[in-house]
Amino acid sequence: PFNGDVISIGRNAPTVLIAAPSASITAGGPVTYSVIYTDANFGSSTLSTSDVHLNKTGSANGTLGFDAGTGATRTITISGITGDGTLGISIDAGSGVDQAGNTTAAAGPSTTFIVDNTVPAVTISAPSVPRTATAPVTYTITYDDANFNSSTLAAANITLLKTGSATG
C-alpha cells in the first residue's frame, strides 16, 4: 500500500500561440501581436528581442518592441514600419517555462500583415467624344493599386483645363 504524497509529473512542454495581427494592412503601424503561453502550470516567460524574429517579404521592415507583461500573455509591437511586402513574427524555443521546468517549443511563423507604402497611380482616360458643341464629355479615372480601398474624389479636387472661350 502507498501512504505517501501524490506527485504530479509534467512532461509536456508549454506551447506558445501567436494571435492574429492587430491590422491586416498598414503603411506605418504600429501593429501588435498577442503571445499566449498555454499551459495549466505555466511558470514564467523570458521573451525578449533575441527570441523574436521578423519574417519579411519584399522591402517591408519594422522595429520590434515588447511589453513587460505578467502572467501568460505578452504583447509584441512592430512599429516604424517601412517598405512594401508582408511582415510577421516567429519565436525561438525556450522563451517560456512551466513549473516543472519544461521549456517552450518554437512558435510561428505567425499570420502576416500587408505593408503598403506605395501611393496609388492615377490615370485619366481619353474623353468620351473627341469634339462636341453641347454634349457632355466624360472621363474615366482609374486608381492602379493592388490594395486600393476607396477614393475621396470630389468636384473640388478637379481642375477644368480650358482654352479659348470653352467652358463647362
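Residues numbered from 1 in each chain as written. Predicted model: local features only at pLDDT ≥ 70, side-chain atom pairs only at ≥ 80, totals over all residues. Heavy atoms only, no water.

Asks: Go over the layout of surface pockets with me, naming the residues and quoting the values.
Replies: One number sums up the size of the largest pocket: a volume of about 780 Å³. Lining the largest pocket we find 25 residues, and of these Pro127, Val137, Tyr139, Leu160 and Leu161 sit closest to its centre. Those elements that provide at least two residues to the lining of the largest pocket are strand E11 (121–124) and strand E12 (141–144). For the lining of the largest pocket, the per-class residue count stands at 17 nonpolar, 6 polar and 2 charged. (1 Å grid on protein atoms, 1.4 Å probe; cavity = no way out; pocket = protein on both sides within 12 Å on 5 of 7 lines; lining within 4 Å. Points joined across faces, edges and corners; volume = space filled by probe spheres on them. Helix = DSSP H or I, 4+ residues; strand = E, 2+ residues; numbered from the N terminus. Nonpolar A, V, L, I, M, F, W, Y, C, P; charged D, E, K, R; others polar.)

Asks: Could you give an account of the environment of Ser34, with specific residues and numbers?
Replies: Locating Ser34 in the fold gives a position in strand E3 (residues 31–38). Judged by relative accessible area, Ser34 falls into the partly exposed class, the value being 30%. Linking Ser34 and Pro21, residues 13 residues apart in sequence, is a C-alpha distance of 7.8 Å. Dropping the residues within four chain positions of it, Ser34 is found in contact with Leu17, Ile18, Ala19 and Arg74. (Buried < 20%, exposed > 50% of the residue type's maximum accessible area, 1.4 Å probe, protein only. Contact = heavy atoms within 4.5 Å.)

Asks: Mind laying out the nonpolar core, listing which residues take part and the relevant values?
Replies: In this structure, Ile76, Ile78, Ile81, Leu87, Ile89, Ile91 and Phe113 are the most contacted members of the largest nonpolar core, which totals 20 residues. Setting aside residues up to four positions removed in sequence, Phe113 forms contacts with Pro21, Ala23, Ser24, Thr26, Val31, Tyr33, Ile78, Ile81, Gly85, Thr86 and Leu87. (Core = buried A, V, L, I, M, F, W, Y, C linked by side-chain atoms within 4.5 Å.)

Asks: Please provide a residue-by-residue account of the side chain of Asp98, values included.
Replies: If you trace the backbone, Asp98 turns up in strand E9 (residues 96–98). Assessed through its relative accessible area of 6%, Asp98 is described here as buried. In this structure the side chain of Asp98 is engaged in a polar contact, spanning 2.8 Å, whose partner is the backbone nitrogen of Asn102. Discounting chain neighbours no more than four positions away, the residues touching Asp98 are Asn12, Pro14, Asp39, Asn41, Phe42 and Gly43. (Polar contact = N/O pair within 3.5 Å; in protein donor to acceptor, adjacent residues only side chain to side chain.)

Asks: Describe in detail a nonpolar patch on the surface, supporting the description with residues and values.
Replies: Taken together, the side chains of Val122, Ile124, Val137, Tyr139, Ile141, Leu153 and Ile158 define a hydrophobic patch exposed on the protein surface, amounting to about 650 Å² of accessible area. Topologically, Ile124 is positioned in strand E11. Under the relative-accessibility criterion, Ile124 is labelled exposed at 61%. (Patch = residues over 30% accessible without salt bridge, like charges linked within 9 Å, V, L, I, M, F, W, Y side chains within 5 Å. Areas by Shrake-Rupley, 256 points an atom, 1.4 Å probe, with all protein chains shown as cover. Salt bridge = Lys/Arg side-chain N within 4 Å of Asp/Glu carboxyl O.)

Asks: Mind laying out the sheet that holds E3, listing which residues take part and the relevant values?
Replies: Strand order in the open sheet made by the 4 strands is E1-E3-E7-E6, with antiparallel pairing throughout. With partners counted over all chains shown, the strands left at the sheet margins are strand E1 (15–18) and strand E6 (61–66), one partner each. On average, each strand axis in the sheet is inclined to that of its neighbour by 25°, with strand direction left out of account. With 6 bridges joining them, E3 and strand E7 (residues 73–82) adopt antiparallel strand pairing. From the neighbouring strand, Val35 faces E7, where its bridge partner is Arg74. (Pairing = 2+ DSSP bridges. Axes fitted to C-alpha atoms, helices over the stretch in contact; angles between N-to-C directions.)

Asks: Lay out the sheet that holds strand E5 (residues 52–56) in plain terms, naming residues and giving numbers.
Replies: Ordered by their spatial adjacency, 4 strands build an open sheet running E2-E10-E8-E5, and the pairing between neighbours is mixed. The open sheet has two edge strands, strand E2 (25–26) and E5, and neither has a second partner. Two strands pair when backbone bridges link them, and strand E8 (residues 85–91) and strand E10 (residues 113–115) are joined in this way by 3 bridges, in the antiparallel orientation. Along E10, the bridge assignment pairs Gly85 with Val115.

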